[in-house]
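Chain residues, written in single-letter form:
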Amino acid sequence: MRKPTTEQLIALKGTEVPLSELLGLFAVRVRQAGVIREMTESLAAAGLTTLPDFSTCPTLARVRLVPVATAVTTAPEDDPAIPADPLPPGALPQRLLLEDLPSAVGGLKCVSRGAELSQATYLMRHEGYNQIPVVSNMTELHGVVTWKSIALMYENGWDTTLENAMQQESLPVFDSREDLFSCLAMLVDHGYVLVRGQDGRISGIVTYQEIVRRFQNTARPFFLLGEIESLLRRWLGSRLDMEAVIAVQATNRKPEHRTGRVEDLMFGDYVILLDGTQRRPALAQRADQNWAALGRPALDRGQFVHHLQRVQAIRNRIAHFGDDPLPPEDMRDLTSFARQLRECVR
């Protein structure tokens, strides 16, 4: 990312811009944790913030750049008993393009058509590649040398030349602006796809292994969160009565929407159900009753509620499905909390 100057940001004070335009000033498209931190610091250095908060507002929202003092005085009072929806509409990206993957635009090592086959195989072994393109000026693609194509050369008894060792037909090449999911079938068949940038040059390669790693890094937290919510609903739903749930829904639902069902609670509502230190005495007293009804006197309530709040914070942060994997400590928190809940439910 790049940072605009303080003067550039101050010039926007009082204006309203699309969120995408604000992100564009920092040369980013996705609100990752590190990006949010850097943007917040740059805005603060210019004495500015945004309304609504750029870090959690929907993707298609417009934000107004205002002085920090204005935002503090006009924002409503924080009430922990009324949780905001941590996954607001529009928070998740609608498309994942090839150019969103670092390896697709980060360049790659190639060999020229006049190179020796030994040069290609040396690079493949040294770099850990399973394939290497043969190109001219990074624009004209002649073929791709793979371990499979080399084996085919030997099986057919052909001369051991670069020309005979490379695959030249039906090469998996896609424009960097292509939707990733439209390329998956070709990627599975070949194990890779080559990416051509907007300037016509081969800009990178996306491999099957990279997609697996990305899926693990980005999807596993969502599956863990899904399991945690399912376990919470099963445990709380089997132990708490409708009145306990309605008491929480009364803080943030219209009367006609107070169903008394745990399945209809937001994630922050689980904290209200169990936190005995919350600000509202009536809810805190009822939370004491709810905790007793769970029948786990040996379970440390303070630590459990703290970890529940940690999971809620992580759930909010990963809504943007960025490229960066979740920090190890966050993954440990999700994994250990899911394990704790499994023991409570069984």
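This structure is a prediction, so every number in the text was calculated from the model and none was measured.

Draft legend 1. How the structure looks around the overall build of the chain. Summing up its helical and strand segments, the chain has 15 helices and 9 strands in all. The buried share of the chain, taken over its 346 residues, is 42%. When contacts within the chain are restricted to residue pairs at least 6 apart in sequence, long-range pairs at least 24 apart make up 57% of them. Accessible surface for the chain amounts to roughly 18,600 Å². Of this, 52% is attributable to carbon and sulfur atoms.

Draft legend 2. Fine view of unusual backbone geometry. Pro52 follows Leu51 through a cis peptide bond whose omega is -5 degrees. With respect to the helices and strands, Pro52 occurs in the loop between strand S2 (48-51) and strand S3 (62-67). If you check the backbone angles, Asn137 has positive phi at about 55 degrees while not being a glycine. For Met138, which is not glycine, the phi torsion reads 65 degrees and is therefore positive. Relative to the helices and strands, Met138 resides in the loop between strand S4 (131-136) and strand S5 (140-146).

Draft legend 3. Summary view of the packing of aromatic side chains. A complete count under the given rule lists 4 aromatic pairs for this structure. With a centroid separation of 5.8 Å and 75 degrees between ring planes, the pair formed by Trp235 and Phe304 is classed as edge-to-face. One end of the pair, Trp235, is in helix H10 (residues 208-239); the other, Phe304, is in helix H14 (residues 301-317), with 69 residues separating them in the sequence. Of the two residues examined, Trp235 and Phe304, each falls in the buried class. Plain terms: the ring middles of Phe304 and Phe337 are 5.2 Å apart, the flat faces sit at 40 degrees to each other, and that makes the pair tilted. Residue Phe304 is found in helix H14, and its partner Phe337 is found in helix H15 (residues 328-345); the two are separated by 33 residues along the sequence. An identical accessibility class is assigned to Phe304 and Phe337; each is buried. Taken together, the ring pairs connect Trp235, Trp291, Phe304 and Phe337 into an aromatic cluster.

Draft legend 4. Local environment of the sheet that holds strand S1 (residues 16-18). Strand order in the open sheet formed by 3 strands is S1-S3-S2, and the pairing between neighbours is antiparallel. The sheet is open, and its two borders are formed by S1 and S2, each paired with just one other strand. Taking the axes of each pair of neighbouring strands and ignoring which way they run, one obtains an average angle of 35 degrees across the sheet. Strand direction decides the pairing type here: S1 and S3, joined by 3 bridges, are antiparallel. Of the residues in S3, the one forming a bridge with Glu16 is Arg64.

Draft legend 5. Representation of the pairing of S4 in the model. A large share of S4 lies buried, amounting to 5 of its 6 residues. The sheet contact formed by S4 and S5 spans 6 bridges and is antiparallel. Paired with Ser136 across the strands is Glu140, a residue of S5. Here S4 folds back onto S5, and the loop between the two strands holds 3 residues, one of which, Asn137, carries a positive phi near 55 degrees.

Draft legend 6. View of helix H9 (residues 180-190). Of all the positions in H9, only Leu180, Cys183 and Leu187 are classed as buried. Down the axis of H9, the smallest arc covering the buried residues is 60 degrees, so these residues share one side. Away from the buried face of H9 by more than 90 degrees, exposed residues Phe181, Ala185, Val188 and Asp189 are located. Those residues of H9 that are buried lie in contact with strand S7 (173-175), strand S8 (192-196), strand S9 (202-207) and H10.

Draft legend 7. Focus on a nonpolar patch on the surface. Together, Val188, Tyr208 and Val212 give the surface a local cluster of nonpolar side chains, amounting to about 280 Å² of exposed area. Relative to the elements of secondary structure, Val188 occurs in helix H9. By relative accessible area, Val188 is classed as exposed at 53%.

Draft legend 8. Spatial organisation of the nonpolar core. Of all hydrophobic cores here, the largest spans 36 residues; its most connected members are Ile228, Leu236 and Leu274. Residue contacts for Leu236: discarding those within four places in its chain leaves Val262, Tyr270, Leu273, Leu274 and Leu294. Counting 18 residues, the second largest nonpolar core, distinct from the first, contains Val35, Leu43, Phe54 and Val63.

The rules we used
- Residues numbered from 1 in each chain as written.
- Predicted model: local features only at pLDDT ≥ 70, side-chain atom pairs only at ≥ 80, totals over all residues.
- Heavy atoms only, no water.
- Helix = DSSP H or I, 4+ residues; strand = E, 2+ residues; numbered from the N terminus.
- Buried < 20%, exposed > 50% of the residue type's maximum accessible area, 1.4 Å probe, protein only.
- Contact = heavy atoms within 4.5 Å.
- Areas by Shrake-Rupley, 256 points an atom, 1.4 Å probe, with all protein chains shown as cover.
- Phe/Tyr/Trp six-rings, centres within 6.5 Å; stacked < 30°, edge-to-face > 60°.
- Pairing = 2+ DSSP bridges.
- Axes fitted to C-alpha atoms, helices over the stretch in contact; angles between N-to-C directions.
- Arc of directions from axis to C-beta.
- Patch = residues over 30% accessible without salt bridge, like charges linked within 9 Å, V, L, I, M, F, W, Y side chains within 5 Å.
- Salt bridge = Lys/Arg side-chain N within 4 Å of Asp/Glu carboxyl O.
- Core = buried A, V, L, I, M, F, W, Y, C linked by side-chain atoms within 4.5 Å.

Functional significance is not addressed by these values, which are geometric in nature.
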